[in-house]
Amino acid sequence: MNAYVDVGGSEVLTLKGALLVYQGRSRGFVTWHDARRNATEGAPFLGEAQEVTTDFVHHLSRGLGIAVPTEIFPENVLARTAETIAWWTPTIVRTMFFAPHDPDAHKLNGNRFLQPPLVWKVKGKDLWVRALPENRRPVAETQLMIAPYWNVDGETGWICQGSMRSPEDPSVNAIPFWERAFFQSEFTHHTGARRLTTHPRGFLGLWTSLAGGWRKFPLKYLTPAKESLQEFIVRR
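Because the structure is predicted, anything quoted here is derived from the model rather than measured.

Thresholds applied
Residues numbered from 1 in each chain as written. Predicted model: local features only at pLDDT ≥ 70, side-chain atom pairs only at ≥ 80, totals over all residues. Heavy atoms only, no water. pLDDT = per-residue confidence, 0-100. Helix = DSSP H or I, 4+ residues; strand = E, 2+ residues; numbered from the N terminus. 1 Å grid on protein atoms, 1.4 Å probe; cavity = no way out; pocket = protein on both sides within 12 Å on 5 of 7 lines; lining within 4 Å. Points joined across faces, edges and corners; volume = space filled by probe spheres on them. Nonpolar A, V, L, I, M, F, W, Y, C, P; charged D, E, K, R; others polar. Core = buried A, V, L, I, M, F, W, Y, C linked by side-chain atoms within 4.5 Å. Buried < 20%, exposed > 50% of the residue type's maximum accessible area, 1.4 Å probe, protein only. Contact = heavy atoms within 4.5 Å. Polar contact = N/O pair within 3.5 Å; in protein donor to acceptor, adjacent residues only side chain to side chain.

A.B. asks: It is not clear to me how the confidence of the model for the protein chain should be interpreted in this structure. Could you clarify?
C.D. replies: A low pLDDT means the predicted coordinates there should not be read in detail. Per-residue pLDDT for the protein chain averages 88, and the proportion of residues at 70 or more is 89%. Here strand β1 (residues 4-5) stands out as the element of the protein chain with the lowest mean pLDDT, 52, in contrast to strand β14 (residues 143-146), whose mean of 98 is the highest.

Take a look at the structure:
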């Protein structure tokens, strides 16, 4: 029996060992076992159990290509793990685009608008966004607001990307490309049941009042998301 497997391409992978998972009623643990051969070069067998250490996990993650690379973080980055990047943006003027199927919304198409301060989160190919109650860097306890945009689920902040082109780069260098992709795509529909804004004339009234980009965003019309920055970042 051969101790290797061909998974495509030109590289042959050799069996080095196995992780065994033990689970009881109240606890569990994992052990590592080296793959060994007997003197006659027969089928491989597993050696004695070894403790799974932090150094071992780091070594394994590097081998699997999932280690977080060393990066210099820009000041707006709030959190970074192997799976997630979270950052914030202060209020800024952006051009927005609205789909033609809603005539009232399409009248705003291509206008520039001052945006609320925002918190963003990327995990894999998914993007989430929340608004901030103040135009300053948030802390873990900061209570977030619903981002007042179509295509954004008010419950979770998850963005229905539609035709939006997601960056391929998983590093912090992709942050401006995520923002650009979001604002360069068309806002097409209300996603989810949560109210996007408390503006007396609703979503279109809010953005109509901001057309031109000269008026300060009225933070008082943001709707509470009922979660903190900490909860938003760690939520799966």
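A.B. asks: Please clarify how empty space enclosed by the protein should be interpreted in this entry.
C.D. replies: The method is simple in principle: a probe with the dimensions of a water molecule rolls over the atoms, and the space it marks as empty is what remains. As enumerated under the stated definition, the model contains 1 cavity of 30 Å³ or more in all. Estimates place the volume of the largest cavity at around 30 Å³. Around the largest cavity, the lining residues are Thr89, Pro90, Ile92, Arg94, Gln115, Pro116, Leu118, Trp120 and Phe183. Classifying every residue of the lining of the largest cavity by side-chain character gives 6 nonpolar, 2 polar and 1 charged.

A.B. asks: Looking at this structure, how should I read the nonpolar core?
C.D. replies: One recurring pattern in soluble globular proteins is that nonpolar side chains are buried together. Counting 38 residues, the largest nonpolar core has Phe98, Leu127, Tyr149, Phe182 and Trp207 as the members making the most contacts within it. The greatest single-element share of this core, amounting to 5 residues, is contributed by helix α3 (residues 175-184). Sequence-distant contacts of phenylalanine 98, defined by excluding residues within four places in its chain, comprise Ala105, His106, Leu108, Asn109, Phe113, Trp150, Glu186, Phe187 and Phe203. Counting 9 residues, the second-largest nonpolar core is a separate cluster that includes Trp88, Trp128, Leu132 and Phe232.

A.B. asks: Sorry if this is basic, but what is going on with the environment of leucine 114 here?
C.D. replies: Structurally, leucine 114 is set in strand β11 (residues 112-114). Through-space distance from the C-alpha of leucine 114 to that of glycine 213 is 4.9 Å; in sequence the pair is 99 residues apart. Among residues more than four places away in sequence, those in contact with leucine 114 are Thr91, Ile92, Val93, Trp207, Leu210, Gly213, Arg215, Lys216 and Phe217.

A.B. asks: Before we go on, may I ask you to explain the side chain of asparagine 151 in this structure?
C.D. replies: Looking at the element boundaries, asparagine 151 is found in the loop between β14 and α3. At 2.9 Å, the side chain of asparagine 151 and the backbone oxygen of glutamate 186 are in polar contact. Excluding residues within four positions of it along the chain, asparagine 151 makes contact with Trp158, Ile159, Cys160, Glu186, Phe187, Thr188, His189 and Thr191.

A.B. asks: Teacher, can you tell me more about unusual backbone geometry here?
C.D. replies: Glycine aside, residues mostly have negative phi angles, and peptide bonds mostly take the trans form. Even without being a glycine, asparagine 151 presents a positive backbone phi close to 75°. Overall, asparagine 151 belongs to the buried group, its relative accessible area being 6%. In the Ramachandran plot, lysine 226 falls in the positive-phi region, its phi being about 60° despite a non-glycine side chain. On the secondary structure map, lysine 226 appears in strand β16 (residues 224-228).

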